[in-house]
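Fold and geometry: a report
Okay, here's what each chain looks like letter by letter:
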Amino acid sequence: MNPFEQMELKKMSMTKKELEVCEIFTENIDDILRSTATAMAEKYHLSQPAITRFCQRLGYHGYSDFKYDVYRHYKIGDGAKDTSSVIDYYIRLIRLIPQAVSPEQFKHLSSLIWNSRYISICGHHKSALPAQLLDINLGKLGILSAYVRPDRTDTLTQRIRSDNLIIFFSAASSVYRPEIDQINELPKDKRPVTVLITQSDKHPLRNKVNHVIWLPSYRNQGYTQYLESQIVPMIFVDLLTSYIADHQDAPGTAST
């Protein structure tokens with residue numbers, strides 16, 4: 001049985017706390033796949049031992065063992081065996097990008113990038129991939145930028161200025177809350193422009209940045225097929241790069 005069938009089978013004998021963990025795990029599969037037990041405990045106000053005991057209750061050695069089986073289930077489950085079906089799901093998601101991000105939003109972000117003296121780009125875990133791709137693409141266009149590693153984001157406020165731009169790639173996590181809070185505490189005349197590129201319309205940091213770009217994902221579209229979350233942001237970066245290149249000869253002229 002897959003981990004979710006095991007949870008369903010044992011629900012009748014679960015304690016109140018176990019049912020709480022069960023509900024959180026069932027409704028937040030993406031968080032399971034990208035988070036440690038410590039991060040899950042902190043985000044959902046659980047104790048780490050409670051998570052470990054729950055996983056052991058299902059027959060796993062611990063959370064890591066459970067997490068591996070969740071990933072394995074979604075990669076080799078019934079839906080994933082039909083590769084054409086998986087490709088169709090990815091195509092459907094990619095086709096939703098122009099509906100989620102208007103030409104005006106692309107142009108506006110392109111204008112922000114062209115008119116910024118320096119651009120810092122942040123991304124943690126899988127969100128690091130599109131962040132690094134954007135940094136590489138901007139470098140090819142001669143735009144001064146840098147990908148900021150997760151272990152270096154605490155230095156952001158030490159080197160930023162009001163004519164800087166900071167782009168955060170974050171599917172749904174609040175991992176950048178300390179950095180964004182520090183930025184917002186700066187005087188307005190020293191505060192850089194901030195952009196959040198996310199796949200959650202309820203992202204906990206959406207009201208703390210200047211601009212939000214929302215992208216589709218298999219979760220927010222209700223797809224039953226598990227899809228890698230970073231694919232759509234990677235395509236978005238490619239589309240954004242095209243918009244930036246279109247305005248290469250006329251920075252500052254894009255629509256805002």
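About the criteria used
- Residues numbered from 1 in each chain as written.
- Predicted model: local features only at pLDDT ≥ 70, side-chain atom pairs only at ≥ 80, totals over all residues.
- Heavy atoms only, no water.
- Buried < 20%, exposed > 50% of the residue type's maximum accessible area, 1.4 Å probe, protein only.
- Helix = DSSP H or I, 4+ residues; strand = E, 2+ residues; numbered from the N terminus.
- Arc of directions from axis to C-beta.
- Polar contact = N/O pair within 3.5 Å; in protein donor to acceptor, adjacent residues only side chain to side chain.
- 1 Å grid on protein atoms, 1.4 Å probe; cavity = no way out; pocket = protein on both sides within 12 Å on 5 of 7 lines; lining within 4 Å.
- Points joined across faces, edges and corners; volume = space filled by probe spheres on them.
- Nonpolar A, V, L, I, M, F, W, Y, C, P; charged D, E, K, R; others polar.
- Salt bridge = Lys/Arg side-chain N within 4 Å of Asp/Glu carboxyl O.
- Contact = heavy atoms within 4.5 Å.
- Phe/Tyr/Trp six-rings, centres within 6.5 Å; stacked < 30°, edge-to-face > 60°.
- Pairing = 2+ DSSP bridges.
- Axes fitted to C-alpha atoms, helices over the stretch in contact; angles between N-to-C directions.

Moving on to helix α1 (residues 3-10). Turning to α1, its buried residues number three or more, namely Pro 3, Phe 4, Gln 6 and Met 7. Projected onto a plane normal to the axis of α1, the buried residues spread over an arc of 155° and lie on a single side. Among the exposed residues of α1, those oriented more than 90 degrees off its buried face are Glu 8 and Leu 9. The N-capping residue of α1, defined by a side-chain oxygen 2.8 Å from the backbone nitrogen of Phe 4, is Asn 2.

So, about the layout of surface pockets. Its boundaries defined by the atoms lining it, the largest pocket holds a volume of some 540 Å³. Along the wall of the largest pocket there are 27 residues; nearest its centre are Arg 34, Ser 35, His 124, Ser 173 and Val 175. Those elements giving two or more residues to the lining of the largest pocket turn out to be α3 (29-34), α4 (37-43) and α11 (177-184). When residues in the lining of the largest pocket are grouped by element, the largest group, 5 residues, is from α4. For the lining of the largest pocket, a count of residues per class yields 10 nonpolar, 10 polar and 7 charged. In this structure, the second largest pocket encloses a volume near 440 Å³. Contributing to the lining of the second largest pocket are 19 residues, with Asn 28, Ala 172, Gln 199, Ser 200 and Arg 219 lying nearest its centre.

Once that is clear, we can look at the pattern of salt bridges. For the coordinates displayed, the defined rule picks out 10 salt bridges. For Glu 8, the salt bridge identified is with Lys 11, shortest N-O distance 3.6 Å. By relative accessible area, Glu 8 is classed as exposed at 52%. A salt bridge links Glu 18 to Arg 57; the shortest N-O distance between them is 3.3 Å. A residue pair is termed long-range when its members are at least 10 positions apart, and Glu 18 in helix α2 (residues 16-27) and Arg 57 in helix α5 (residues 48-57) qualify at 39 residues. According to the relative accessible area criterion, Glu 18 is buried, its value standing at 15%. What you see here is one network of salt bridges that share partners, running through Asp 31, Arg 34 and Lys 43.

Turning our eyes to something else, we now look at the side chain of Asp 69. For Asp 69, the position within the fold is in helix α6 (residues 63-76). Accessibility expressed as a relative area gives 15% for Asp 69, which makes it buried. A distance of 2.5 Å separates the side chain of Asp 69 from the side chain of Tyr 60, its partner in a polar contact. Not counting residues within four places of it along the chain, the set of residues in contact with Asp 69 comprises Pro 3, Gln 6 and Tyr 60.

With that settled, the discussion passes to the packing of aromatic side chains. Applying the stated rule across the entire model yields 9 aromatic pairs. Between Phe 25 and Phe 66 the ring centres are 5.1 Å apart and the planes differ by 20°, which places this aromatic pair in the stacked class. On the criterion of sequence distance, the pair formed by Phe 25 in helix α2 and Phe 66 in helix α6 is long-range, its members being 41 residues apart. Phe 25 sits in the buried class, given a relative accessible area of 0%. Of the residues examined, Phe 66 reaches a relative accessible area of 0% and is grouped as buried. Pairing Tyr 63 with Phe 66 gives two aromatic rings, centres 6.5 Å apart and planes at 45°, and the pair type is tilted. Taken as a pair, Tyr 63 and Phe 66 lie in helix α6 at a separation of 3 residues, close to a single helical turn. When sorted by exposure, Tyr 63 lands in the same class as Phe 66, which is buried. An aromatic cluster is present here, built from Phe 25, Phe 54, Tyr 60, Tyr 63 and Phe 66 joined pairwise through their rings.

A few words on the sheet that holds strand β4 (residues 193-198). Pairing in this open sheet of 5 strands is parallel, and the strands run β2-β1-β3-β4-β5 from one edge to the other. Strands at the two margins of the open sheet, each flanked by one partner only, are β2 (145-148) and β5 (211-214). If you compare each strand with its neighbour and ignore which way they point, the axes differ by 20° on average. As defined by bridge partners, strand β1 (residues 118-123) adjoins strand β3 (residues 164-169) across 6 bridges and the pair is classed as parallel. What sits directly across from Ile 121, in β3, is Ile 167. Contacting β1, β3, β4 and β5, helix α8 (residues 103-114) crosses the sheet at an angle of about 135° to β5. The sheet strands contacting helix α9 (residues 128-140) are β1, β2 and β3, and the helix crosses β1 at an angle near 155°.

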